[in-house]
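This is what each chain is made of:
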Amino acid sequence: MQRARIVIHNKAGVFDAEGKAIQDALARLGYENDGIRVGKTIEICVSRTNRDEVRAEINRMCEELLVNPVLEDYSIEFLDDE
C-alpha cells in the first residue's frame, strides 16, 4: 500500500482572496507577514505498491477531478518517505 499527499495551490499570479483575508486579519492582530497563500491537502491510500503506477494514477485523478489546471498547480509527496 502506498500513502500519498497531494498539495494543491494557486498558480503564481493567481489572486488568493482567502490568503489575503487571512494576511489582513493577522496584521490587524499585530502579526506582520510578507504574504500568505492558502491551498488544499489531500491524503490518499492506494493498494498498489508500484510507486510509478501510483504516481501515474494520482496524476490522472488530479487532471480529471481534483485540480483546476487553469488556476492551480499540485505536487505529490509519498508519506512513506517521511
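Just so it is clear, the model here is predicted, and its values are computed rather than measured. (Residues numbered from 1 in each chain as written. Predicted model: local features only at pLDDT ≥ 70, side-chain atom pairs only at ≥ 80, totals over all residues. Heavy atoms only, no water.)

### Here's the deal with the nonpolar core
Within the largest apolar cluster, ten residues are counted, these being Ala4, Ile6, Ile8, Val46, Val54, Ile58, Cys62, Val67, Ile76 and Phe78. Breaking this core down by element, the ones donating at least two residues are strand 1 (2–10), helix 2 (51–66) and strand 3 (72–78). Val54 has contacts with Gln2, Val46, Arg48 and Phe78, leaving out every residue within four places of it along the chain. (Core = buried A, V, L, I, M, F, W, Y, C linked by side-chain atoms within 4.5 Å. Buried < 20%, exposed > 50% of the residue type's maximum accessible area, 1.4 Å probe, protein only. Helix = DSSP H or I, 4+ residues; strand = E, 2+ residues; numbered from the N terminus. Contact = heavy atoms within 4.5 Å.)

### Some details on the sheet that holds strand 3
Whether parallel or antiparallel, the strands of a sheet pair through hydrogen bonds between backbone atoms. Reading across the sheet, the three strands line up as 2-1-3 and stay open at both edges, with antiparallel pairing between neighbours. Each end of this open sheet is capped by a strand with a single partner; those strands are strand 2 (40–46) and strand 3. The average undirected angle you get between the axes of adjacent strands in this sheet is 20 degrees. Judged from the seven bridges that link them, strand 1 and strand 3 form a sheet pairing that is antiparallel. The residue of strand 3 that forms the bridge with Ile8 is Tyr74. Against the sheet, helix 2 contacts strand 1, strand 2 and strand 3, and its axis sits at roughly 155 degrees relative to strand 3. (Pairing = 2+ DSSP bridges. Axes fitted to C-alpha atoms, helices over the stretch in contact; angles between N-to-C directions.)

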